[in-house]
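A closer look at the structure
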Amino acid sequence: RCYIKNLQNWENWNEKDADGDLTARYLIVPSHPGWVLGSMDFSQIEPRLTAWFSKDTERLARFDIPGFNEHKCVAALFFDLPYKFDLAAKRLLEDGVAKDNDKDAPYGVAKRINNGANYCLGATTIARKNDWDIGATKRRYETWRAYMARCVAWQRETMAEAKDNFGALVSE
């Protein structure tokens, strides 16, 4: 159990003097035998959770392919870039999409639309948040909706359930 708030920012635990020169660094060492420091990064956790909640078995299966990246896959759809995989063999065959998070790079565009659509943001909202052309964003958004049809159906079902329950979701 970790009791240190913001442990992920440990690299910032450095002391500097008035001139900005480093005077001390701190290192965290487990204090008990058998204790270890751990690190974890849930790769693409939002799309994985959306796939799980929506019971989209094909989308979940894509995440089982070593090296698969959903944002790259979506970028390939939007920009006609090479990104191929064999779902049955669980193999990535071709990856021609650069992982560039700039909002106007193919990967950055795909990531923003993929995550925005997962959160039920509309194309207009996504376009405005990113200062993009609304027409181009709507075309890409509709491409995403067609590719993620099970997710879109789950979103509609969930919103209808909430509406029927006066804005609340009820677990059984």
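Parameters at a glance
- Residues numbered from 1 in each chain as written.
- Predicted model: local features only at pLDDT ≥ 70, side-chain atom pairs only at ≥ 80, totals over all residues.
- Heavy atoms only, no water.
- Pairing = 2+ DSSP bridges.
- Helix = DSSP H or I, 4+ residues; strand = E, 2+ residues; numbered from the N terminus.
- Core = buried A, V, L, I, M, F, W, Y, C linked by side-chain atoms within 4.5 Å.
- Buried < 20%, exposed > 50% of the residue type's maximum accessible area, 1.4 Å probe, protein only.
- Contact = heavy atoms within 4.5 Å.

The next thing to look at is the pairing of strand β3 (residues 83-86). Remember that side chains alternate between the two faces of the sheet whenever the strand is regular. Sheet analysis places β3 next to strand β4 (residues 91-95), joined by 4 bridges and oriented antiparallel. By the bridge assignment, Phe85 is partnered in β4 with Leu92. Here β3 folds back onto β4, and the loop between the two strands holds 4 residues, one of which, Lys90, carries a positive phi near 55°.

Another aspect to go through is the environment of Ala149. Relative to the helices and strands, Ala149 is located in helix α7 (residues 149-164). Placed 93 residues apart in sequence, Ala149 and Asp56 show a C-alpha to C-alpha distance of 8.9 Å.

Here we take up the nonpolar core. Counting 25 residues, the largest nonpolar core has Phe78, Ile113 and Trp144 as the members making the most contacts within it. Counting only elements with at least two residues in this core, the list comes to α3 (70-79), α4 (106-118), α5 (123-130), α6 (134-147) and α7. Beyond its immediate sequence surroundings of up to four residues, Trp144 is in contact with Arg59, Val74, Phe78, Ile113, Asn114, Ala117, Asn118, Cys151 and Val152.

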